[in-house]
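These are the residues of each chain, in order.
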Amino acid sequence: MKKLTMFKFVNACLVLALLACGKEDKTPEKTETETDPINTFFKSEIRPDKTKPCFNGAYYRKMVSSKDVWLGIGGRVTLPKITFDPTRNNPAKPGQYLDNPSVYMGGSMGGQETDIGLTWEVVIENGAVSTERKAFRPFLRRTSHSGGQAAAYENAPAQPAYYWYPEEEVTMSVEIVANGKLKFTVEGAGKKFEKEFDVDGYRPGSMGEFKRVNAIDQVSNEGKPAQVTKAKVENSKWLETYLLRSYEGKTIKVPAHSGRLTDMRCPATNYFSIIASEAELLKGGETVNINGNGY
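Residues numbered from 1 in each chain as written. Predicted model: local features only at pLDDT ≥ 70, side-chain atom pairs only at ≥ 80, totals over all residues. Heavy atoms only, no water.

## Focus on the environment of Phe 272
The topology assignment puts Phe 272 in strand β17 (residues 272–275). On the basis of relative accessible area, Phe 272 is assigned to the buried category, the value being 6%. When sequence neighbours within four positions are dropped, the list of residues in contact with Phe 272 reads Tyr 59, Tyr 60, Arg 61, Arg 265, Cys 266, Asn 289, Ile 290 and Tyr 295. (Helix = DSSP H or I, 4+ residues; strand = E, 2+ residues; numbered from the N terminus. Buried < 20%, exposed > 50% of the residue type's maximum accessible area, 1.4 Å probe, protein only. Contact = heavy atoms within 4.5 Å.)

## Quick look at the sheet that holds strand β5 (residues 112–121)
Within a sheet, neighbouring strands are paired by backbone hydrogen bonds and run either parallel or antiparallel to one another. Here 7 strands make up an open sheet; going across it, the order is β9-β8-β5-β4-β13-β1-β16 and the pairing antiparallel. Since the sheet does not close on itself, it has two edges, and those belong to β9 (152–155) and β16 (262–266), each with one partner. Sheet twist, expressed as the average angle between the axes of neighbouring strands with direction ignored, equals 15°. Summarising the sheet, strand β1 (residues 59–64) and β16 pair through 5 bridges and their orientation is antiparallel. If you follow Lys 62 over to β16, its bridge partner there is Met 264. (Pairing = 2+ DSSP bridges. Axes fitted to C-alpha atoms, helices over the stretch in contact; angles between N-to-C directions.)

## Examining the state of the cysteines
Enumeration according to the criterion identifies 1 disulfide in this entry. Residue pairing for Cys 54: its cysteine sulfur links by disulfide to Cys 266, the two sulfurs lying 2.0 Å apart. Since a negative S-S torsion denotes a left-handed disulfide, the Cys 54-Cys 266 link at about -75° is left-handed. Pair noted here: Cys 54 is in the loop between α2 (32–35) and β1 and Cys 266 is in strand β16, with a separation of 212 residues, a long-range link. (Disulfide = S-S within 2.5 Å.)

## Some details on the nonpolar core
Nonpolar side chains in soluble globular proteins tend to be buried together. Formed by 39 residues in total, the largest nonpolar core has its most connected members in Leu 118, Trp 164, Val 170, Phe 184, Phe 193 and Phe 210. Broken down by element, the residue count for this core peaks at 4 residues, all from strand β10 (residues 169–178). Ranked by size, the runner-up nonpolar core spans 9 residues in total, among them Tyr 60, Tyr 104, Ala 215 and Met 264. (Core = buried A, V, L, I, M, F, W, Y, C linked by side-chain atoms within 4.5 Å.)

## A few points about the packing of aromatic side chains
In this structure the tally under the stated criterion is 9 aromatic pairs. Ring centres of Tyr 202 and Phe 210 lie 6.1 Å apart, and the angle between their planes is 70°; on these two criteria the pair is classed as edge-to-face. Phe 210 matches Tyr 202 in its accessibility class, with the two residues each being buried. Connected via pairs of aromatic rings, a cluster forms that spans Tyr 104, Phe 139 and Tyr 153. (Phe/Tyr/Trp six-rings, centres within 6.5 Å; stacked < 30°, edge-to-face > 60°.)

Any functional reading would require information that these geometric values do not contain.
Take a look at the structure:
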């Protein structure tokens, strides 16, 4: 009887030991975020808002990041074809229109907004400023900062080295390079413009958001409802978009896939035709078409 009891006890111990071994050997599988945070999400990464309110004054397609410790944004884009509305002439500037295309980046940090990129502008011809706007030229804009820095707006010099045209491909980036300094670079079609811009609200490690924008801006219309127009800016193809972030001691490019950006189409979706495959969405790519008369 004692031998039988001892046998049962030993047998039970063996079963428990085997179960314990099984638990120790079974290691949890890593999630996709843990194995590939660069192309998915970082463990601590803040997700973007599902929606954001539009600001009146223009027709624009904006993709904006979450408010996180981003260091900047960049991408590669084909500049759009432009069709102006002939009934929307600017009475103050004959030869120009009340609608104006732009492709730009920027962000918001420390209570300070920036818009930095390319806008359709006048050029210098035979030593004189052209009557019409004829090329995309770099521009840099900041709002004022609570520390006392004033709002500012500037263009690149009106020189052929800084003119870009519809259907040309450019790379563009805006990066925090030091406390209060953004570096803007645009390059393509054999031309390059680069400048550091003082923006007191932008600091490495601070929380902020970055954006890319395709727009039909409207003269003297900021804060007002978008004016009816037949102007179109079409076939602007983003081949990639990336966010910049510090990771393992280095500044890296992070694909700005659709899960990392809030999709904004303002003032309403019917003015936009956005075309993108699943593969393009994974790297922040899409083709942007904007029509003030709707699609």
